Amino acid sequence: MILVLRALGVGDLATAVPALRALRAAHPDRELVLAAPAWLAPLVELVGDVDRLVDTPGLGRTRWTGPPPQLAVNLHGRGPQSHRTLAAARPGRLLGFANSEAGFADGPAWSESEHEVARWCRLLAWYGIPADRSDLALRRPSAAGVPVGVSVLHPGSKIVAKRWPSDRFAALARRLAARGHRVVLTGSPDERDLAARVAAAAGLPVAAVLAGRTGLRELATLVAYARVVVSADTGVAHLATAFGTPSVVLFGPVPPARWGPPPDRPRHRAIWAGERDWPSWDGVGSHPSLTVLGVDEVSTVVDEVERVVRESGAVAT
């Protein structure tokens, strides 16, 4: 049995898909167990290749009670805590990045600037397990029960600094609606008020606010069949990449080189103001790297990704 630790969120799971598939291909006859939060189960089903999910809401909060795994793989972080969490399961072998604090000298060195997808593929390659970093696709769920062909705007993010100002999301929503887009606003239950404010400012009906009203499976399905997705650097952006849904991702302060969509896929565009000497920022609200992004710029990029889809002859559903 192979035990894989990735006790994080939606985007974290999506960026680990190539590594999970590589482990399945390398060990087709072993049970592949993923230690991750239980609420990710609908997304784990769409990944496939995982035989069992063990609810692991965070490091140190769940102990492994099964038999020692033959192999434990740390796709969670650099250690030491994540290494120690897996070592406590008494695996036959542990794969992870070298970490002297955890007493783990095996594995390659950690690179802070590395793209999250490439990071885990490189880890496995160091151990002789080839991984294809482009293998990001998720299984497409049934469209039953969700609107198809809507334009998804996701104004929130757990990290407030990553949010594009809400008044600009409202202006973009208003502009897209005037051009014939059926705009909906998504988000977590905690972001429902934010989505409602954006909808009200954009003149959208209350029914357009889906934030807090969709479970993870419904959100993934909505994204899978959307016309376009516009969001911050958050989990929804990774879902759009995984389903091939045209997307525009607004980055800041973390650059797309760390978490962005593959640069060779023109239907997914990252907007990034770059590294600058930003004016003083009090740490409240959107980071200056996002406040410099204007509605015209974002609207133009939305048009560009839609044109890419039209010219390719593909149907954005």
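Now for a look at the structure at hand. (Residues numbered from 1 in each chain as written. Predicted model: local features only at pLDDT ≥ 70, side-chain atom pairs only at ≥ 80, totals over all residues. Heavy atoms only, no water.)

**Notes on the overall build of the protein chain**
Argument step 1. Along the backbone of the protein chain there are twelve helices and ten strands.
Argument step 2. Relative to a compact globule of 317 residues, whose C-alpha radius of gyration would be 20 Å, the protein chain shows 20 Å and is just as compact.
Argument step 3. Each principal axis of the C-alpha distribution contributes one length, and for the protein chain these read about 60 × 50 × 35 Å.
Argument step 4. Within the protein chain, the proportion of its 317 residues that are buried is 54%.
Argument step 5. Here the contacts in the protein chain between residues at least 6 apart in sequence split such that 60% fall between residues at least 24 apart.
Argument step 6. Summed over its atoms, the accessible surface of the protein chain is roughly 13600 Å², and 51% of this surface lies on carbon and sulfur atoms.
Argument step 7. Taken together, the 36 basic and 30 acidic charged side chains of the protein chain have centroids lying 2 Å from each other. (Helix = DSSP H or I, 4+ residues; strand = E, 2+ residues; numbered from the N terminus. Rg over C-alpha atoms; globule rule 2.2 N^0.38 Å. Buried < 20%, exposed > 50% of the residue type's maximum accessible area, 1.4 Å probe, protein only. Contact = heavy atoms within 4.5 Å. Areas by Shrake-Rupley, 256 points an atom, 1.4 Å probe, with all protein chains shown as cover. Lys, Arg positive; Asp, Glu negative; His and termini not counted. Charge placed at Lys NZ, Arg CZ, Asp CG, Glu CD.)

**A few points about the pairing of strand β3 (residues 52–55)**
Argument step 1. Relative to β3, strand β2 (residues 32–36) is paired through four bridges, and the arrangement is parallel. Bridging across to β3, Leu34 finds its partner in Leu53. (Pairing = 2+ DSSP bridges.)

**Notes on the packing of helix α8 (residues 216–224) against helix α9 (residues 235–243)**
Argument step 1. It is the contact of α8 with α9, at a shortest axis distance of 9 Å, that shows an interaxial angle of 55°. The orientation of α8 relative to α9 falls into the category oblique. Judged by the sense of rotation from one axis to the other, the crossing of α8 with α9 is right-handed. Between α8 and α9, the contacting residues are Leu219, Ala220, Val223 and Ala224 on the first element and Val236, Leu239, Ala240 and Phe243 on the second. (Axes fitted to C-alpha atoms, helices over the stretch in contact; angles between N-to-C directions. Parallel < 35°, antiparallel > 145°, perpendicular 65-115°, else oblique. Left-handed = near helix turned anticlockwise from the far one by under 90°.)

**Digging into the pattern of salt bridges**
Argument step 1. Taken as a whole and assessed by the stated rule, the structure comprises 16 salt bridges.
Argument step 2. A salt bridge links Arg217 to Glu45; its shortest N-O distance comes to 2.5 Å. Separated by 172 residues along the polypeptide, Arg217 in helix α8 and Glu45 in helix α3 (residues 41–47) bring together distant segments of the chain.
Argument step 3. What makes Arg217 partly exposed here is its relative accessible area of 31%.
Argument step 4. Of the residues examined, Glu45 reaches a relative accessible area of 47% and is grouped as partly exposed.
Argument step 5. The network of salt bridges with shared partners includes Arg6, Glu116 and Arg119. (Salt bridge = Lys/Arg side-chain N within 4 Å of Asp/Glu carboxyl O.)

**Observations regarding the sheet that holds strand β5 (residues 94–95)**
Argument step 1. Spatially, five strands are ordered β3-β2-β1-β4-β5 in an open sheet, and the strand pairing comes out parallel. In this open sheet, the two edge strands, each paired with only one partner strand, are β3 and β5.
Argument step 2. Together, β1 (2–5), β2 and β4 (71–74) form the strand contacts of helix α2 (residues 17–26), whose direction differs from that of β2 by roughly 155°.

**Examining the side chain of Asn99**
Argument step 1. Mapped onto the elements of the fold, Asn99 is located in the loop between β5 and α5 (116–126).
Argument step 2. The buried category is assigned to Asn99, whose relative accessible area is 9%.
Argument step 3. Within the structure, the side chain of Asn99 is placed 3.1 Å from the backbone nitrogen of Glu101, a separation counted as a polar contact.
Argument step 4. In this structure Asn99 touches Arg78, Gly79, Pro80, His83 and Phe104, once residues within four positions along its chain are discounted. (Polar contact = N/O pair within 3.5 Å; in protein donor to acceptor, adjacent residues only side chain to side chain.)

**Section: the sheet that holds strand β7 (residues 183–185)**
Whether parallel or antiparallel, the strands of a sheet pair through hydrogen bonds between backbone atoms.
Argument step 1. Across the sheet, which stays open at both edges, the five strands sit in the order β7-β6-β8-β9-β10 with parallel pairing between neighbours. Across the chains shown, the open sheet's two edge strands, defined by having one partner strand only, are β7 and β10 (268–272). In this sheet, neighbouring strand axes are inclined to one another by 15° on average, regardless of whether the strands run parallel or antiparallel.
Argument step 2. Alignment of strand β6 (residues 151–154) against β7, held across three bridges, turns out to be parallel. In the strand pairing of β7, Val152 is matched with Val184.

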